[in-house]
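Letter by letter, the chains look like this.
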Amino acid sequence: MESLESFESHTESLYAERACERLVIDFVHRLDLGEPASVAALFTEDGTWAWPAGDRLVKGRAALREYFGGRPADRLSRRLMSNILVTVTSPDTATAISYFTTYRVDGFEGGLVPPGAPVQVGHYEDEFRRRPDGTWLLSARVLHLAFAGPTPRA
């Protein structure tokens, strides 16, 4: 029979996994369907977003808000997330790898856009930290592209 302590530990681990998965999904929802600058609220105050192939590093919540808020107003995008694998590394830290596919056009003025190939396919490597109040946040996100092309105009 499983001990109460073991059960509580397992339950906390499952909660952490789900909270981190939720952040991964919330990130793309905010970019595609919400206010892109609000993505910054999903990060710790000292959080980072890096794109090694593009030699980009954005550090800190204010810089993240500015970076994601600078997205073109006429951009239409949809990101598909899959294969989200969260690993709880301690009671207050976790990591994840998830795949993404990005469909995107600039110059969107409404209506339907004919389907095209995705402009990006890759994966994210994430680090998460739990705050003292129990809330999980992204502390670092690294974007790795396997396939990429230019963003077409609608």
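Since we're looking at a predicted model, the values are computed, not measured.

(A) A look at the environment of Gln 120. Its place among the elements puts Gln 120 in strand S5 (residues 120–130). The exposure class of Gln 120 is buried, given its relative accessible area of 9%. Spatially, the C-alpha atoms of Gln 120 and Arg 18 are 26 Å apart, while their sequence positions differ by 102 residues. Those residues in contact with Gln 120, other than ones at most four positions away along the chain, are Trp 51, Phe 100, Thr 101, Thr 102, Arg 104, Leu 145, Phe 147 and Ala 148.

(B) Region of the structure containing the pairing of strand S3 (residues 76–90). By the bridge criterion, twelve bridges tie S3 to strand S4 (residues 93–105) in an arrangement that is antiparallel. Paired with Val 88 across the two strands is Ala 94, which belongs to S4. Where S3 hands over to S4, the hairpin turn is made up of two residues, counted between the paired strands.

(C) The nonpolar core, seen in detail. Ranked by internal contacts, the top residues of the largest apolar core, which has 27 residues, are Phe 27, Trp 49, Leu 64, Phe 68, Phe 128 and Trp 136. Elements that contribute at least two residues to this core include exactly helix H1 (4–33), strand S1 (43–51), helix H2 (61–69), S3, S4, S5 and strand S6 (136–148). Here this core takes eight residues from H1, the largest share from any one element. Residues in contact with Phe 68, not counting those within four places in the same chain, are Phe 27, Leu 31, Pro 36, Ala 37, Val 39 and Trp 49.

Here is what the cut-offs are and how they apply
Residues numbered from 1 in each chain as written. Predicted model: local features only at pLDDT ≥ 70, side-chain atom pairs only at ≥ 80, totals over all residues. Heavy atoms only, no water. Helix = DSSP H or I, 4+ residues; strand = E, 2+ residues; numbered from the N terminus. Buried < 20%, exposed > 50% of the residue type's maximum accessible area, 1.4 Å probe, protein only. Contact = heavy atoms within 4.5 Å. Pairing = 2+ DSSP bridges. Core = buried A, V, L, I, M, F, W, Y, C linked by side-chain atoms within 4.5 Å.

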